[in-house]
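Here's the letter readout for the chains.
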Amino acid sequence: MTTSTSNKGHEEEAEVHRVLLGKKQILVTEDEPLLPQLERAGVLVEYQCREGYCSSCMIKLLWGKVSYPVEPLAWVHSGYLLTCCAIVKSDIEIALLG
């Protein structure tokens, strides 16, 4: 899903993606990591460092694509993502751990 926004006469494309968490749907952008966007939507995710060092914010990625502008130092298991530094690149479905 792509939306256009106008900024003083300049057209900018802001990528907006759906995040499915159970029956909840959250719209997020590619402008910042997933963690702060989940927090604003009222989804509490455990975290410690917020910089990709500790993996406390790891959640299950059921399907979809994310990217990391800077490779996290913590090990990211296949099928999981670090919410503190992952940028959502498509519609995704996630599941919280625990």
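The structure displayed is predicted, hence computed values, not measured ones. (Residues numbered from 1 in each chain as written. Predicted model: local features only at pLDDT ≥ 70, side-chain atom pairs only at ≥ 80, totals over all residues. Heavy atoms only, no water.)

A. Structural view of the packing of aromatic side chains. All chains considered together, the criterion is met by 0 aromatic pairs. The ring of Tyr-47 is capped by Arg-50, whose NZ or CZ atom sits 4.4 Å from the centre of that ring. When the ring centre of Tyr-80 is taken as origin, the NZ or CZ atom of Lys-60, which lies over that ring, is 4.7 Å away. (Phe/Tyr/Trp six-rings, centres within 6.5 Å; stacked < 30°, edge-to-face > 60°. Lys NZ or Arg CZ within 6 Å of the ring centre and 35° of its normal.)

B. Local environment of the state of the cysteines. Counted under the stated rule, the structure contains 0 disulfides. The cysteine Cys-49 is free of any disulfide, with Cys-54 supplying the nearest cysteine sulfur at 3.7 Å. Residue classification places Cys-54 among the partly exposed residues on the basis of a relative accessible area of 32%. (Disulfide = S-S within 2.5 Å. Buried < 20%, exposed > 50% of the residue type's maximum accessible area, 1.4 Å probe, protein only.)

C. Examining the confidence of the model for the chain more closely. Across the chain, the average pLDDT comes to 90, with 88% of residues at 70 or higher. Low confidence marks residues 2-7, where pLDDT is under 50. Its contacts with residues over four positions away, or in another chain, come to 15 contacts. (pLDDT = per-residue confidence, 0-100. Contact = heavy atoms within 4.5 Å.)

D. Seen up close, the pattern of salt bridges. Here the structure, examined in full by the defined rule, presents 4 salt bridges. The salt bridge partner of Glu-30 is Lys-89, with a shortest N-O separation of 3.0 Å. Pair noted here: Glu-30 is in the loop between strand E3 (24-29) and helix H1 (34-40) and Lys-89 is in the loop between strand E7 (87-88) and strand E8 (92-95), with a separation of 59 residues, a long-range link. When its relative accessible area of 23% is taken as the criterion, Glu-30 is described as partly exposed. Owing to a relative accessible area of 37%, Lys-89 belongs among the partly exposed residues under this scheme. The residue Glu-32 makes a salt bridge to Arg-40 at a minimum N-O spacing of 2.1 Å. Since its relative accessible area comes to 58%, Arg-40 is described here as exposed. (Salt bridge = Lys/Arg side-chain N within 4 Å of Asp/Glu carboxyl O. Helix = DSSP H or I, 4+ residues; strand = E, 2+ residues; numbered from the N terminus.)

E. Examining the side chain of Gln-37 more closely. Mapping Gln-37 onto the fold places it in helix H1. A distance of 2.9 Å separates a polar side-chain atom of Gln-37 from the backbone oxygen of Glu-32. Setting aside its immediate chain neighbours within four residues, Gln-37 contacts Val-28, Thr-29 and Glu-32. (Polar contact = N/O pair within 3.5 Å; in protein donor to acceptor, adjacent residues only side chain to side chain.)

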